[in-house]
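One-letter residues, chain by chain:
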Amino acid sequence: MTAKLDSEVIGRVWASGRKMPACYVFDRLDSTNGWLDRAYREGMRGPVICATQNQYAGRGQRGRTWEMPVSSGLAFSLLWEISDWPRIDSEVSVAAANAVANCLVALGAQDIEIKWPNDVLCRAKKLCGILIESHISASRSAMILGVGINLSLPDGFDVGQPVTDLRRAGIEPLPEINALLALLVAALIDMLEGYPNQVSFRSDS
């Protein structure tokens, strides 16, 4: 696995038949959701990707933070316009977790399950978290879909809950980081373009 995200490399490995969204990558960032939130408020329109491997103030559910030791994980967010959606509900995060889980299983991860509404687990330990934040107004509506995934955590890493990573989930060697990001984003876009129709949940525990 290469150690550095590169938007040009992501573009070269983008395999989806759809046009790749604009992609911004950072060596270090407080929060990918936060960066897109600020960009949205300044007029940016989706779809847009923001990604980093060094997120130091990631957002989690119920005000929690997502801790990510340097180069041990991947954090990315997708700004997506939803003005033409009939609604946005909690099932979107489950569908996103399902899309991510299916990608990881295809890469060789074992014992993967979804914990409602927004976590991907491996053997009852947190592997990946999803955070969706919406902006709804009379003139425009969008959501920011954030994903944090553990790639290879240091031994003894403690965040106050059981956690695991792709390596311990059985994916060895780890995938090239730019190809992994492209794969996950493409899967999420496929889900979003079809939502809420044709969403098949792999598991829900």
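These numbers come from a predicted model, not from an experiment. (Residues numbered from 1 in each chain as written. Predicted model: local features only at pLDDT ≥ 70, side-chain atom pairs only at ≥ 80, totals over all residues. Heavy atoms only, no water.)

Asker: Describe the packing of aromatic side chains, and please don't skip the residues or the numbers.
Answerer: On inspection of all chains with the given rule, the structure shows 2 aromatic pairs. Between Tyr24 and Trp35, the ring centres sit 5.1 Å apart and the planes meet at 40°, which makes this aromatic pair tilted. On the criterion of sequence distance, the pair formed by Tyr24 in strand β1 (residues 22–26) and Trp35 in helix α2 (residues 32–41) is long-range, its members being 11 residues apart. On the basis of relative accessible area, Trp35 is assigned to the buried category, the value being 18%. With a centroid separation of 5.2 Å and an interplanar angle of 55°, the aromatic rings of Phe26 and Trp35 are classed as tilted. Three or more aromatic residues link up through ring pairs in this structure, and these residues are Tyr24, Phe26 and Trp35. (Phe/Tyr/Trp six-rings, centres within 6.5 Å; stacked < 30°, edge-to-face > 60°. Helix = DSSP H or I, 4+ residues; strand = E, 2+ residues; numbered from the N terminus. Buried < 20%, exposed > 50% of the residue type's maximum accessible area, 1.4 Å probe, protein only.)

Asker: Describe in detail the pairing of strand β8 (residues 125–136), supporting the description with residues and values.
Answerer: Both strand β7 (residues 119–122) and β8 contribute to a ladder of 4 bridges, which runs antiparallel. The partner of Cys122 across the bridge, within β8, is Lys125. Two elements, β8 and strand β9 (residues 141–150), share 9 bridges in a ladder whose sense is antiparallel. Opposite Ile130, over in β9, you have Val147 as the bridge partner. (Pairing = 2+ DSSP bridges.)

Asker: Give me the lowdown on the pattern of salt bridges, citing residues and values where you can.
Answerer: All chains considered together, the criterion is met by 12 salt bridges. In this structure, Arg18 and Asp190 form a salt bridge, with 2.1 Å as the shortest nitrogen-oxygen distance. Here Asp190 lies in helix α4 (residues 177–194) and Arg18 lies in the loop between α1 (7–13) and β1, a separation of 172 residues in the sequence. For Arg18, a relative accessible area of 35% translates into the label partly exposed. In this structure Asp190 comes out as partly exposed when scored by relative accessible area, which is 39%. In this structure, the salt-bridge partner of Arg167 is Glu172, at a minimum N-O distance of 2.7 Å. The exposure class of Arg167 is partly exposed, given its relative accessible area of 37%. In this structure Glu172 comes out as exposed when scored by relative accessible area, which is 53%. (Salt bridge = Lys/Arg side-chain N within 4 Å of Asp/Glu carboxyl O.)

Asker: Account for α2, naming residues and giving values.
Answerer: Of all 10 residues making up α2, 8 are buried, and the element is well covered by its neighbours. Of the residues making up α2, those classed as buried are Thr32, Asn33, Gly34, Trp35, Leu36, Asp37, Ala39 and Tyr40. Looking at where α2 begins, the residue whose side-chain oxygen comes 3.3 Å from the main-chain nitrogen of Asn33 is Ser31. Phi turns positive one or two residues past the end of α2, at Gly43, with a value near 110°. (Polar contact = N/O pair within 3.5 Å; in protein donor to acceptor, adjacent residues only side chain to side chain.)

Asker: A description of the packing of helix α3 (residues 91–107) against α4 should follow, citing residues and the corresponding values.
Answerer: Orientation of α3 relative to α4, taken along the N-to-C sense of each, is 140°, at an axis distance of 9 Å. Compared by their axis directions, α3 and α4 come out oblique. Relative to α4, the crossing made by α3 is right-handed. On α4, the residues touching Val92, Ala95, Ala96, Ala99, Val100, Cys103 and Leu107 of α3 are Leu180, Leu183, Leu184, Ala187, Leu188 and Met191. Broken down by class, the residue content of the contact of α3 with α4 amounts to 13 nonpolar, no polar and no charged. (Axes fitted to C-alpha atoms, helices over the stretch in contact; angles between N-to-C directions. Parallel < 35°, antiparallel > 145°, perpendicular 65-115°, else oblique. Left-handed = near helix turned anticlockwise from the far one by under 90°. Contact = heavy atoms within 4.5 Å. Nonpolar A, V, L, I, M, F, W, Y, C, P; charged D, E, K, R; others polar.)

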